Amino acid sequence: ILSTLESLGITSLQSGMDNVRNVAGSPIAGIDPQEVYDTRAMCQALTEYVTQGYDGNPAISNLPRKFNICVVGSADMFEHPHINDIALVPAKSNDNGKLGFHVEVGGFLSPSRCADAIPLDAFVDEGDAAALCHAILSTFRDYGVRGPRTKTRLMWCIDEMGYDNFREEVARRMPGGNLPRASEATTLLPDAIAHHPIDPIDESHHHSTRRSVLGIHDQKQDGLQWAGLCVPTGSLEPGDMTALANIADKFGSGEVRLTVDQNVIIPNIPKEKMDAFLEEPIVQKFTPFPGMLVAGLVSCTGARWCPQAQIHTKSNALELAQRLDEQLSFPEGTNEVRMHWSGCPNVCGQSQVGDVGFIGTSVKVSKDQAAVEGVNLLEGGRIGQAPAEAQLVDKKVPLGDELEQKVKAILMEKYGAVEK
């Protein structure tokens, strides 16, 4: 099984512990009519560097803490660059017009601190992107804090060294000992979404600022479409995987893509085959046209599989989203409202970036009864153009009717939802 996966460019190496996790790119790279950069080749090149050709890369396998890298493909920022340790944002050299990247560093989420990635004031050619990642990673390896694990991500290293010293050390480790400044290149992203200081977007519409990849969409290739299938909370059974592979072979090009939002994309479907595609049982199960809240669900593993989780996340997340979708309608033009669930304070479900976030906890409703499952409730997270961390709005809310009413009130007050 592992050798077959490796032959397809998939490996379990570096998928856990204190090393570089899988490199994230655009889920619609190469097919998106609005993309500014096709992230596929760069993600593959960085993956080969990280895994040393799937043999393992000892030079970067003993880091102070886990490490995330992404390559941005479009203004929608499907890759969530602001919470990555390294974000490569496409840009073009002012001198020779070569493609490359502006660089942001230090983004992360944790129970004790969340930080948006900050500009490194750097531009790197495409060909030097792996060298830049190595310079940052080796600096982190050699200078990163190795104390309490709540204070060992890259941003803590930058704080400890000081920003200028960190950048200088990274530059020293680059080929030639030089790291060009960001001003030597122009971003390829639209001005309003470039990684420069911008005005916060309208609070009343912040949930509608990026496109949804769910649904049926025309590709940049004439006559072809992609289908974005909603897999609620990312829960797939083995039979589902086989069925998805079969429809990808039957209707598309045999390709199945996964998104950071736990959904599936089947690309390269001829338009004339789409009606038949939509009739397939697996497409009926994972519909491209879900309810607003089911579409925006993200959930960690939860207590069913994870010993650290304090609540069952996936089943409760789906039940709440389905119930509220039955009750509420959202303003026309709303693309998504994202609800992120984490079973414990480690926030693997990225609760702080959700429009509404849930962090599992135990709740003692009375002295005479055993504790029940509940959540700490957050609101106001943003991704994309003007990222923001969701803020705590209520503590220790038990799962059930009380939570449903509180979330319903938030959706009506903050997101324009109305009773059906």
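Reading the values: rules and limits
Along every chain, residues carry numbers that run from 1 in the direction the sequence is written. Selection of residues for local features in this predicted model requires a pLDDT of at least 70, selection of side-chain atom pairs for listing and counting requires 80 or more, and totals for whole chains, interfaces and linings are taken over all residues. To get the side-chain values, all heavy atoms of the structure are used, and hydrogens and water are removed first. Comment: axis = line fitted to C-alpha atoms, over the contacting stretch for helices; angle = value between 0 and 180 degrees taken between N-to-C directions. Here a strand is any run of E in DSSP of at least two residues, a helix any run of H or I of at least four, and the numbering for each starts at the N terminus. Any angle that is under 35 degrees is reported as roughly parallel, and any over 145 degrees as roughly antiparallel; angles of 65 to 115 degrees are reported as roughly perpendicular and all others as oblique. The handedness criterion is simple: a crossing whose near helix is rotated anticlockwise from the far helix by less than a right angle is left-handed, and one whose near helix is rotated clockwise is right-handed. Contacts are residue-level and defined by heavy atoms, with any inter-residue pair within 4.5 Å sufficient. Each residue gets one label: Ala, Val, Leu, Ile, Met, Phe, Trp, Tyr, Cys and Pro are nonpolar, Asp, Glu, Lys and Arg are charged, and the others, such as Gly, are polar. We call a set of buried Ala, Val, Leu, Ile, Met, Phe, Trp, Tyr and Cys residues a nonpolar core when their side-chain atoms join them within 4.5 Å. Summary of the burial criterion: residues with accessible area below 20% of their type's maximum are buried, those above 50% are exposed, and those between are partly exposed, where the area comes from a 1.4 Å probe applied to protein chains only.

> Hey, could you go over the packing of helix α3 (residues 129-143) against helix α5 (residues 163-172) for me, with residue numbers and the actual values?
Two packed helices can be described by the angle between their axes and the distance between those axes. For the pair α3 and α5, interaxial distance at closest approach is 8 Å and the crossing angle is 125 degrees. In terms of orientation, α3 and α5 fall into the oblique class. With respect to the hand of their crossing, α3 and α5 are arranged in right-handed fashion. Across the interface between the two elements, Leu132, Ala135, Ile136, Thr139 and Tyr143 of α3 pack against Phe166, Glu169 and Val170 of α5. Partitioning the contact of α3 with α5 into residue classes produces six nonpolar, one polar and one charged.

> Go over the nonpolar core, please, and point to the residues and values.
By size, the foremost hydrophobic cluster in this structure holds 41 residues, and its most contacted members are Phe67, Val103 and Ile136. At the level of secondary structure, the elements contributing two or more residues to this core comprise α2 (40-51), β1 (69-71), β2 (86-93), β3 (99-105), β4 (118-125), α3, α4 (154-161) and α5. In terms of residue count, α3 provides more of this core than any other element does, seven residues in total. By size, the runner-up hydrophobic cluster in this structure holds 28 residues, among which are Leu214, Phe330, Val337 and Val407.

> I'd like a rundown of unusual backbone geometry, residues and numbers included.
Unusually for a residue other than glycine, Asp121 sits at a positive phi of about 50 degrees. By secondary structure assignment, the location of Asp121 is in strand β4. At Val347, a residue that is not glycine, the phi angle is positive and equals roughly 50 degrees. Relative to the elements of secondary structure, Val347 occurs in the loop between β12 (339-342) and β13 (356-363).

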